[in-house]
Amino acid sequence: AIIAILAALVTPAINAALQRAKKAQVQTELQSIKTAVQAFVNDYTKLPISAGHGGADTLYSGNNSKSIFQVLTANESGASLVNPRKIVYLETTTAASDGTFNDVWGNQYAVKLDNNYDGKVDGYSTLIIAISPGPDKDINKTNDNIRTTF
C-alpha cells in the first residue's frame, strides 16, 4: 500500500518533467528553424519561398510549410530551385526529404514569414516566427502553441 501511495505521488512529477523536456526540445527546434531562415536570407537576400514576396505576412502551416523545409534542408527538386546552391541551412534527424518536419507531438512545424519585408511579424522585429501547434495539435488554439518571438 505504501508503494502504491508513493507511486501515485511521483507519477505526476514525472509526467510534468517529461512535458517540460518535450517543450524544451520543441523550443530548440524552433530556434533552429528561425536561425536557418535568417541564414538563408543572409545568403540569398530573399525568403525561402518560391512566390509571395512583397505580399502580406503569411503563415505557412501543414503541407504549406513543407516546401520551406525542403529548401532549408536542400531537398527540393524541379527546374526552378529556391536554393540552387543546395546549401543545408537546417540539419535535423527528424525532417523527411518531402519537407515533413514534426514536433514531438507529431505536428508539422509552421512558420510565419515577413513576406512584405518590413522587418516585423505580428508586431515583433523579426523575419520569421516559427510555431509548434503544441500538445493539443491545433495551431488555431493558441493556448498551448510554442513559438519563437525573440
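The preceding data block contains the structure.
Just so it is clear, the structure is predicted and the values come from calculations on it, not from any experiment. (Residues numbered from 1 in each chain as written. Predicted model: local features only at pLDDT ≥ 70, side-chain atom pairs only at ≥ 80, totals over all residues. Heavy atoms only, no water.)

### A word on the overall build of the chain
Scanning the chain for helices and strands turns up two helices and six strands. Listed by position from the N terminus, the elements making up the chain come as α-β-α-β-β-β-β-β. Counting only C-alpha atoms and orienting by the principal axes, one finds that the chain spans roughly 65 × 30 × 25 Å. Of all 150 residues assigned to the chain, the portion counted as buried reaches 37%. As displayed, the chain offers around 8,100 Å² of accessible surface, 55% of which is attributable to carbon and sulfur atoms. (Helix = DSSP H or I, 4+ residues; strand = E, 2+ residues; numbered from the N terminus. Buried < 20%, exposed > 50% of the residue type's maximum accessible area, 1.4 Å probe, protein only. Areas by Shrake-Rupley, 256 points an atom, 1.4 Å probe, with all protein chains shown as cover.)

### Comments concerning the layout of surface pockets
For the largest pocket, the calculated volume is near 180 Å³. Ile49, Ser50, Ser67, Val71 and Val82 are the residues nearest the centre of the largest pocket, which is lined by 13 residues in total. When residues in the lining of the largest pocket are grouped by element, the largest group, four residues, is from helix H2 (residues 66–72). Here the lining of the largest pocket is composed, by residue class, of seven nonpolar, five polar and one charged. (1 Å grid on protein atoms, 1.4 Å probe; cavity = no way out; pocket = protein on both sides within 12 Å on 5 of 7 lines; lining within 4 Å. Points joined across faces, edges and corners; volume = space filled by probe spheres on them. Nonpolar A, V, L, I, M, F, W, Y, C, P; charged D, E, K, R; others polar.)

### Structural notes on unusual backbone geometry
Positive phi is not limited to glycine here, since Lys86 has a value of about 55°. Here Lys86 shows up in the loop between H2 and strand E2 (110–113). What makes Lys86 partly exposed here is its relative accessible area of 37%. Positive phi, close to 55°, is recorded for Tyr117, a residue that is not glycine.

### Considerations on the pairing of strand E5 (residues 128–132)
Within a regular strand, the side chains alternate between the two sheet faces. With five of five residues buried, E5 is to be regarded as a mostly interior element. Across the two faces of E5 the burial is the same, with Ile128, Ala130 and Ser132 and Ile129 and Ile131 all buried. Pairing between E2 and E5: four bridges, direction antiparallel. Its bridge partner being in E5, Val111 is matched across the sheet by Ala130. Pairing analysis gives two bridges linking E5 to strand E6 (residues 146–147), with the strands arranged antiparallel. Across the sheet, Ile131 pairs through a bridge with Arg147, a residue of E6. (Pairing = 2+ DSSP bridges.)

### Examining the pairing of E2
Residue alternation in E2 divides its side chains into two sets, Ala110 and Lys112 and Val111 and Leu113, and both sets are buried. Here strand E1 (residues 58–60) runs beside E2; their pairing, made up of three bridges, is antiparallel. From the neighbouring strand, Leu59 faces E2, where its bridge partner is Lys112.

### Focus on a nonpolar patch on the surface
Taken together, the side chains of Ile2, Ile5, Leu6, Leu9, Val10, Ile14 and Leu18 present a nonpolar region at the surface, about 710 Å² in accessible area. With respect to the helices and strands, the residue Ile14 is situated in helix H1 (residues 2–44). (Patch = residues over 30% accessible without salt bridge, like charges linked within 9 Å, V, L, I, M, F, W, Y side chains within 5 Å. Salt bridge = Lys/Arg side-chain N within 4 Å of Asp/Glu carboxyl O.)

### Regarding the nonpolar core
Counting residues in hydrophobic clusters, the biggest one holds 26 residues, and the most contacted among them are Ile33, Phe69, Leu72, Val111 and Leu113. Those elements that provide at least two residues to this core are H1, H2, E2 and E5. Of the residues forming this core, the biggest block, eight residues, is contributed by H1. Beyond its immediate stretch of four places on either side in the chain, Leu113 contacts Val37, Leu47, Ile49, Asp57, Thr58, Tyr60, Ile68, Val121, Leu127 and Ile128. Ala110, Val121, Ile129 and Ile131 belong to the second largest nonpolar core, which has five residues in total. (Core = buried A, V, L, I, M, F, W, Y, C linked by side-chain atoms within 4.5 Å. Contact = heavy atoms within 4.5 Å.)

Geometric values such as these leave the question of function open.
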